[in-house]
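Residue strings, one per chain:
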There are 2 protein chains.
Amino acid sequence: MMPEFRKDPIVNRWVIIAPERARRPQQTRRDRATATLEPCAFCAGNEAMTPPEVLVCPATPTQADAPRWAVRVVPNKYPALTKSGACTIDSSGLYQRQSGLGVHEVIIEAPEHVTHTATLSEQQLATVISAYRERISALRLDKRWRYILVYKNQGREAGATFEHVHSQLIALPMVPREAAEEMSGAEVYYDSTGNCIYCDMLRDEINDSSRIVTANDRFVVLSPFASRFPYETWIMPKQHSSSFEQGSTHETFDLARCLRDMLNRLDRALNDPPFNYYIHSNPLADNKSRLYHWHIEILPKLVQVAGFEWGSGSYINPVTPEDAARLLREALR
Amino acid sequence: MMPEFRKDPIVNRWVIIAPERARRPQQTRRDRATATLEPCAFCAGNEAMTPPEVLVCPATPTQADAPRWAVRVVPNKYPALTKSGACTIDSSGLYQRQSGLGVHEVIIEAPEHVTHTATLSEQQLATVISAYRERISALRLDKRWRYILVYKNQGREAGATFEHVHSQLIALPMVPREAAEEMSGAEVYYDSTGNCIYCDMLRDEINDSSRIVTANDRFVVLSPFASRFPYETWIMPKQHSSSFEQGSTHETFDLARCLRDMLNRLDRALNDPPFNYYIHSNPLADNKSRLYHWHIEILPKLVQVAGFEWGSGSYINPVTPEDAARLLREALR
């Protein structure tokens, strides 16, 4: 069966039904210890194990036998969505379904078998961020896509099936719920104040300082006031900017430095926690660049989401954002 | 620090910041194997280890030395919310916080150290359901509470910290997001059709039958059309009914039979998966009984929620609801 989008008729939530995903192999450490040790498809030398690449960032030449690439982007072998085919929409009675059109790619972040993003060099992370930007810029030319989400799962408990450092990108034919809610909140605020809510929030946070973890010339990392999870942090550009992919080379380096610093703090303070991050950016072709402010949200996976959270849509967070920020501030001292 | 509600200024999502929860002991099997084996606070004989009970359902007398209770309800020793104190609301700048007022109780579902709800008898489960109903009916007299959520976490991966069978109840001074979204979806539908959307959906599902798992005189179990998770199922009363707590004794027994049957199917088909369930019912004091239809949502915990889900608010489900329903239908054959 091809993947499809289905919409819940009560809360209008889209889900992706993707039976092909059930065929994914598991390649995290625990599985590898028990299962037959397959070679890692993401390591240099095993390029034939992945679908042909859509982007290669060449390595700076060092030795003759060094890998020739620094970062590779390949289509996901077990994609949640499919790139080609007609878009059919089928409404019958209360229910609506739509072809599962979209793009699902994997960003392989290093040619060596590294398992922690925090151990990559600044230069390497800057190449990863450039690869994100390059793929978004290429994919946004296809007018079928309305939103591109870049995300990372590190560690089995955070949903990773491969341990080799990688992130993923999904292009969607619709603006997903979380992005739409942020846009709509930002729009309400903009309409009543003429300001970007993220800019105003950043100004207040910098003045108050109790939830600031770290900062450099262009970026601030903070524990959000209403954090859902212990040690949740957001990386935000200081200057208003709605679209992640439009950053300069200098900005890319500052972001790489900031992200690396932050992931090192998490590893140091919380003993290499599994985590997710994702980049929230302006929807494609939605000209509201004055009110939205791109950012990265990092969610360490330390507690289980349970019945209360699923049933209420609210969260119980046992660590105050102020305590979280303090611990993370002190982590690299 | 007392617990408090905090509201995210962008998406208006309330979270509970509850530092006391960090003090909870872990009592699931994996922890118990490594940690000192404490006696179980939920077992008969250890009643002094919990706060004094707020409800006791007496056992049917059998032998002289049998436990004298079948179900006990006690305040949660590490509550996410606090029952007493003034309700203060503090708005400063963009941020809003409010005292963490609410009720957090534990329903101990058996006096013996049983770890799987599916192994309880129908009679015992009926007593558990009656206890839910009795507590909701008692708590709704306190006009501070606007919503009561009953939920269960079974298994460490589903967020349980005690393995002894139990469920929980939280009374909130606000209608939480998930319930509010269902109410609002049901209202839009009611305004345009004059019907309950759940009733119409049930009628269509029964006609179609491909997503029906099982049914009895009063209840239907189905895999929802836009299931977020593999083997997600909903238990729904056939007759329109907005408030869970208003069921008759006959209905309680039919529900107990249905829930037990369903949990046994999950255990059989999926090898005792960790799971959550929660009851969605009409908000207290919200007189919209014509449009809402209470139900139980059961979510087995088989996959990790990861970066895509957090970043998008959408879900990738690798099992079609039709396949899930088929497997669960055949599980008890």
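These figures come from a predicted structure and were not determined experimentally.

Asker: Can you tell me about the overall build of chain A, naming the residues and giving the values?
Answerer: Scanning chain A for helices and strands turns up seven helices and 15 strands. For 333 residues, the compact-globule formula gives about 20 Å, and the C-alpha radius of gyration of chain A, at 20 Å, lands near that figure. With respect to the three principal axes, the spread of C-alpha positions in chain A is 60 × 50 × 40 Å. Taken over 333 residues, chain A has a buried fraction of 60%.

Asker: Talk me through the side chain of arginine 211 of chain B; I want residue IDs and the actual numbers.
Answerer: In this structure, arginine 211 of chain B sits in the loop between α4 (197-208) and β10 (212-215). Within the structure, the side chain of arginine 211 of chain B is placed 3.1 Å from the side chain of glutamate 205 of chain B, a separation counted as a polar contact.

Asker: With reference to specific residues and values, describe the sheet that holds strand β7 (residues 103-108) of chain A.
Answerer: One key point about sheets: their strands pair by backbone hydrogen bonds, in either a parallel or an antiparallel sense. Residue and element names in this part refer to chain A. Reading across the sheet, the ten strands line up as β3-β4-β7-β9-β8-β13-β14-β12-β11-β10 and stay open at both edges, with antiparallel pairing between neighbours. Looking at the sheet topology across the chains shown, the edges are occupied by β3 (55-58) and β10 (212-215). Each strand axis lies, on average, 15° off the axis of its neighbour in the sheet, ignoring direction. As defined by bridge partners, strand β8 (residues 147-154) adjoins strand β9 (residues 166-172) across five bridges and the pair is classed as antiparallel. By the bridge assignment for β9, isoleucine 148 is matched with alanine 171.

Asker: Before we move on, could you go through the interface of chain B and chain A and cite the residues and values that matter?
Answerer: If you look at the interface, chain B gives 75 residues, while chain A gives 75 residues. Buried area between chain B and chain A, summed over both chains or domains, comes out near 6,600 Å², and the portion from carbon and sulfur atoms is 64%. Of all residues in chain B, Ile10, Phe225 and Trp310 of chain B give up the largest surface area on contact with chain A, accounting jointly for 14% of the area buried on that side. A salt bridge links glutamate 181 of chain B to arginine 177 of chain A, with the shortest nitrogen-to-oxygen separation between them at 2.7 Å. Here chain B and chain A share 26 residue pairs in polar contact (both at pLDDT 80 or more) between them. Considering every element that reaches the side of chain B that touches chain A, the biggest residue donor is helix α3 (residues 177-193) of chain B, with seven residues. Looking at the side of chain B that touches chain A residue by residue, the classes come out as 40 nonpolar, 15 polar and 20 charged. Pairing geometry for strand β2 (residues 14-17) of chain A and strand β15 (residues 315-317) of chain B, over three bridges, is parallel. Bridge assignment links isoleucine 17 of chain A to a residue of β15 of chain B, and that residue is asparagine 317 of chain B.

Asker: Could you give an account of helix α5 (residues 249-270) of chain A, naming the residues involved and the relevant values?
Answerer: Along its 22 residues, α5 of chain A runs 31 Å from first to last C-alpha, staying within 8% of the 32 Å computed at 1.5 Å per residue. Two residues or fewer after α5 of chain A comes asparagine 271 of chain A, characterised by a positive phi angle close to 60°.

Asker: Tell me about the pairing of strand β8 (residues 147-154) of chain B, residues and numbers included.
Answerer: Within a regular strand, the side chains alternate between the two sheet faces. Residues and elements named next belong to chain B. Taken across its eight residues, β8 has eight buried, putting it largely inside the fold. The side-chain alternation of β8 yields two buried faces, one formed by Tyr147, Leu149, Tyr151 and Asn153 and the other by Ile148, Val150, Lys152 and Gln154. Relative to strand β13 (residues 275-280), β8 runs antiparallel, the two sharing five bridges. By the bridge assignment for β13, glutamine 154 is matched with phenylalanine 275.

Asker: So what's going on with the pattern of salt bridges? Residues and values would help.
Answerer: Using the criterion set out here, one finds 48 salt bridges over all chains in the structure. Ionic pairing is found between arginine 218 of chain A and aspartate 254 of chain A, a salt bridge with its closest N-O pair at 2.8 Å. One end of the pair, arginine 218 of chain A, is in the loop between β10 and β11 (219-222); the other, aspartate 254 of chain A, is in helix α5, and 36 residues separate them in sequence. Taking relative accessible area as the criterion, arginine 218 of chain A reaches 34% and is therefore assigned partly exposed. A salt bridge links arginine 6 of chain B to glutamate 322 of chain A; the shortest N-O distance between them is 3.0 Å. Of the two residues, arginine 6 of chain B sits in strand β1 (residues 4-7) while glutamate 322 of chain A sits in helix α7 (residues 321-330), which places them in two different chains. What makes arginine 6 of chain B buried here is its relative accessible area of 1%. The network of salt bridges with common partners includes Glu4, Arg6, Asp90 and Arg97 of chain A together with Glu205, Arg211 and Glu322 of chain B.

Asker: Go over the relation of the copies chain B and chain A with me, naming the residues and quoting the values.
Answerer: Least-squares fitting of chain B to chain A yields an RMSD of 0.0 Å, with the superposition described by an axial translation of 0.0 Å and a rotation of 180°. On this basis, the relationship between the two copies can be described by a two-fold rotation axis. For chain B, the minimum C-alpha distance to the rotation axis belongs to valine 305 of chain B and amounts to 4.4 Å. Here 100% of the contact residues of chain B are again contact residues in chain A; the copies associate through an equivalent surface.

Asker: Residues and numbers for unusual backbone geometry, please.
Answerer: The backbone of serine 209 of chain A shows a phi angle near 70°, a positive value even though the residue is not glycine. Following the sequence through the fold, serine 209 of chain A ends up in the loop between α4 (197-208) and β10. In this structure, asparagine 271 of chain B is a non-glycine residue whose phi angle is positive, near 60°. Relative to the elements of secondary structure, asparagine 271 of chain B occurs in the loop between α5 (249-270) and β13.

Asker: Tell me about the packing of helix α2 (residues 122-139) of chain B against α5 of chain B, residues and numbers included.
Answerer: All names here are of chain B. Running from N to C, α2 and α5 point in directions that differ by 120°, and their axes come no closer than 8 Å. The crossing of α2 and α5 is right-handed. Between α2 and α5, the contacting residues are Glu122, Gln123, Leu125, Ala126, Ile129, Ser130 and Arg133 on the first element and Glu251, Thr252, Phe253, Leu255, Ala256, Arg257, Leu259 and Arg260 on the second. Partitioned by chemical class, the residues of the contact of α2 with α5 number seven nonpolar, three polar and five charged.

Asker: Please provide a residue-by-residue account of the environment of glutamine 124 of chain A, values included.
Answerer: Residues and elements named next belong to chain A. Looking at the secondary structure, you find glutamine 124 in helix α2 (residues 122-139). With a relative accessible area of 15%, glutamine 124 lands in the buried category. Put simply, glutamine 124 and phenylalanine 253 are 129 residues apart on the chain and 9.9 Å apart in space, counted from C-alpha to C-alpha. If we skip the residues at most four places from it in the chain, glutamine 124 touches Ala70, Val71, Glu109, Ala110 and Pro111. Within polar-contact distance, the side chain of glutamine 124 engages the backbone oxygen of alanine 70 at 2.8 Å.

Parameters and conventions
- Numbering of residues starts from 1 in each chain and follows the order in which that chain's sequence is written.
- For naming, the first written chain is A and the first written ligand is 1, with later ones following in the order written.
- Two thresholds apply to this predicted model, a pLDDT of at least 70 for residue-level local features and 80 or more for giving and counting side-chain atom pairs, whereas whole-chain, interface and lining totals are computed over all residues.
- Excluded from the side-chain calculation are hydrogens and water; included are all heavy atoms of the structure.
- Strands here mean DSSP runs of E at least two residues long; helices mean DSSP runs of H or I at least four residues long; both are numbered from the N terminus.
- Taken over C-alpha atoms, the radius of gyration is set against a globule rule of 2.2 Å times the number of residues to the power 0.38.
- Only protein chains enter the accessibility calculation, which uses a 1.4 Å probe. A residue is then buried if its area is under 20% of the maximum for its type, exposed if over 50%, and partly exposed in between.
- Counted as a polar contact is a pair of N or O atoms within 3.5 Å, where, for protein atoms, one must be capable of donating a hydrogen and the other of accepting one, and residues adjacent in sequence contribute only when both atoms are in side chains.
- Strand pairing requires that DSSP identify at least two bridges connecting the strands.
- In this analysis an axis means a line fitted to C-alpha atoms, helices contributing only their contacting stretch, and an angle means the value between N-to-C directions, from 0 to 180 degrees.
- Note on contacts: a residue pair qualifies if any of its non-hydrogen atoms lie within 4.5 Å across the two residues.
- In this description, buried area is defined as the sum, over both parts, of the accessible area (probe of 1.4 Å) that is lost when the two are combined.
- Definition used for salt bridges: Asp or Glu carboxyl oxygen within 4 Å of a side-chain nitrogen of Lys or Arg.
- Residues were grouped as follows: Ala, Val, Leu, Ile, Met, Phe, Trp, Tyr, Cys and Pro as nonpolar; Asp, Glu, Lys and Arg as charged; and all remaining residues, including Gly, as polar.
- Helix span is expected to be 1.5 Å times the residue number reduced by one.
- Residues below a pLDDT of 70 in either copy are left out; the C-alpha atoms of the rest, at least 70 in both, set the least-squares superposition of the copies.
- Left-handed is the label given to a crossing in which the near helix is rotated counterclockwise from the far helix by less than a right angle, and right-handed is the label when the rotation is clockwise.

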